[in-house]
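# Residue-level structure breakdown
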Amino acid sequence: MILIDSTSIRSFYWCDSESCEEQQKWPIVYSKSYNVHFCGVEKLHPFDAAKWENIYKRLKELISLNDNEIFLPEEATIQDLLLVHTQRYLNSLKWGWNVASIAEIPLLAFLPNIFIQRCYLRPMRYQTRGSMMAGQLAVDRGWAINIGGGFHHCGKDRGGGFCPYADITLMIESLFKSRPNEVKKIMIVDLDAHQGNGYERDFLGNSKVFIMDVYNSRIYPQDTEAKKAIHCKIELHYYTQDAEYLDKVESCLERSLRAFHPDLLVYNAGTDILEGDTLGRLSITPQGVIRRDELVFMKARERRVPIVMLTSGGYTKQSALVIAESIANLHGLGLISKN
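Bear in mind the structure is a predicted one, so any value in this text is a computation, not a measurement.

## Some thoughts on the environment of Leu170
- Its location among the elements puts Leu170 in helix H7 (residues 167–178).
- Linking Leu170 and Lys299, residues 129 residues apart in sequence, is a C-alpha distance of 25 Å.
- If sequence neighbours within four positions are ignored, Leu170 has contacts with Asp80, Leu81, Leu83, Val84, His85, Thr128 and Met132.

## Thoughts on unusual backbone geometry
- Note that the residue after Tyr220, namely Pro221, is joined by a cis bond; omega there is 5°.
- Mapped onto the secondary structure, Pro221 falls in the loop between strand E4 (209–216) and helix H9 (224–227).
- Its identity as a non-glycine residue notwithstanding, Glu104 has a phi of 60°, on the positive side.
- If you trace the backbone, Glu104 turns up in the loop between helix H5 (96–103) and helix H6 (113–141).
- When its relative accessible area of 40% is taken as the criterion, Glu104 is described as partly exposed.

## A closer look at H6
- Its 29 residues place the ends of H6 39 Å apart at the C-alpha level, agreeing with the 42 Å of an ideal helix rising 1.5 Å per residue.
- A maximum bend of about 40° is found in H6 at Leu121, where proline Pro123 lies one to four positions downstream.
- Of all the 29 residues making up H6, 23 are buried; the element is thus mostly covered by neighbouring parts of the structure.
- Gly142 sits one or two residues past H6 and shows a positive phi near 95°.

## Some words on the state of the cysteines
- The final tally for this structure, using the stated rule, is one disulfide.
- With its sulfur 2.3 Å from that of its partner, Cys232 forms a disulfide with Cys252. On the criterion of sequence distance, the pair formed by Cys232 in strand E5 (residues 232–236) and Cys252 in helix H10 (residues 242–259) is long-range, its members being 20 residues apart. Each member of the pair, Cys232 as well as Cys252, carries the same accessibility label: buried.
- Summary of cysteine pairing: Cys154 is not part of a disulfide, and the nearest cysteine sulfur, belonging to Cys163, is at 6.9 Å.
- Residue classification places Cys154 among the buried positions, given a relative accessible area of 1%.

## Notes on the pattern of salt bridges
- Counted under the stated rule, the structure contains 21 salt bridges.
- Here Lys228 makes a salt bridge to Glu225, at a shortest N to O gap of 3.0 Å.
- Note on Lys228: relative accessible area 58%, which makes it exposed.
- The partly exposed category is assigned to Glu225, whose relative accessible area is 33%.
- Arg292 is the partner of Asp293 in a salt bridge, and the nearest nitrogen-oxygen pair spans 3.0 Å.
- Members of the salt-bridge network, linked through shared partners, are Glu250, Glu254, Arg258, Lys299, Glu302 and Arg303.

## Topic: H7
- Its 12 residues give H7 an end-to-end C-alpha distance of 16 Å, which sits within 8% of 16 Å, the value for a rise of 1.5 Å per residue.
- Extensive coverage of H7 is indicated by the burial of 10 of its 12 residues.
- Along H7, the positions that sit buried rather than exposed are Asp167, Ile168, Thr169, Leu170, Met171, Ile172, Ser174, Leu175, Phe176 and Ser178.

## What to know about the pairing of strand E3 (residues 186–190)
- With five of its five residues buried, E3 lies for the most part within the structure.
- Of the two faces of E3, the one holding Ile186, Ile188 and Asp190 and the one holding Met187 and Val189 are both buried throughout.
- Bridge analysis of E3 against E4 gives five bridges, and the strand direction is parallel. Following the sheet pairing, Asp190 is matched in E4 by Asp213.
- At this point the chain moves from E3, through helix H8 (residues 197–202), to the parallel E4, and the crossover so formed is right-handed.
- Inspection of the sheet shows E3 paired to strand E6 (residues 264–268) by five bridges, in the parallel sense. Opposite Ile188, over in E6, you have Val266 as the bridge partner.

Calculation notes
- Residues numbered from 1 in each chain as written.
- Predicted model: local features only at pLDDT ≥ 70, side-chain atom pairs only at ≥ 80, totals over all residues.
- Heavy atoms only, no water.
- Helix = DSSP H or I, 4+ residues; strand = E, 2+ residues; numbered from the N terminus.
- Contact = heavy atoms within 4.5 Å.
- Buried < 20%, exposed > 50% of the residue type's maximum accessible area, 1.4 Å probe, protein only.
- Expected span 1.5 Å × (residues − 1).
- Bend = angle between axes of the 7 residues up to and from the residue.
- Disulfide = S-S within 2.5 Å.
- Salt bridge = Lys/Arg side-chain N within 4 Å of Asp/Glu carboxyl O.
- Pairing = 2+ DSSP bridges.
- Right-handed = clockwise from strand over helix to strand, strands pointing away.

This is how it looks when you write it as structure tokens:
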């Protein structure tokens, strides 16, 4: 079975010399292959299919990134995916009707599978490998950001909510397998507007994984069984605003970090909490999102807990710019840096 392990990730960037070219890279993971293109069909979904490209373009302007200073993931292989997914589930992705249901684009049911693979599933596999790579980088560098991923509605044997692969479960299981001496306990902090039911079902009853989830209780997926896996839960109501939201996030995070001392914090930083996002139905301002991300990184960094951020949901054109500005703010505050 081919996995991303500590040896292979270090081969991307590690050397003994501080002047090593790879050591000068930001622990930011992105590929132009992340972006979804359906020849216009993607416009039938509220998701901004160019979100990841737009984040990266704006980040290049804000913190002077260049293409040689980030990490480029490869496409996740079948062997990678089989670490957690069943063969039966992967086979089901060959059926257009099933992928259409997961992607929430009914028209996909009528398109050839080769088209679906190339235009939708292949980009998602790149993002999935990006999450796995970012997890390894975070352990070694203290932080990492995958400009993509966060497919929190997908579990081992089923997808949904635009999430065809369980990248969070894959990241965590691959770290437990490849870094057993360094990574024994992991905390998931999920601040996407939706409940993270995919990985919650996967880690139900697993004492090595602590789950904090803050979400709008009135919207998809309302998965009662998955909620049993949540250790610190905040269920929000429609159109919650900045002050209440930030207070609840901070208090829940403090309680979680006092109760559980992780070796890695997986931060699912969805921006579908933004005011005007019709799928999240919350009313958080861009400044509220930036402050939220600042809080999470600050709490992790002051405790010296490595943190990996995934961009997850966010369904407005504004989302990409807010994410980029938030990452630039983290840099400006010294919470993240290249070295």
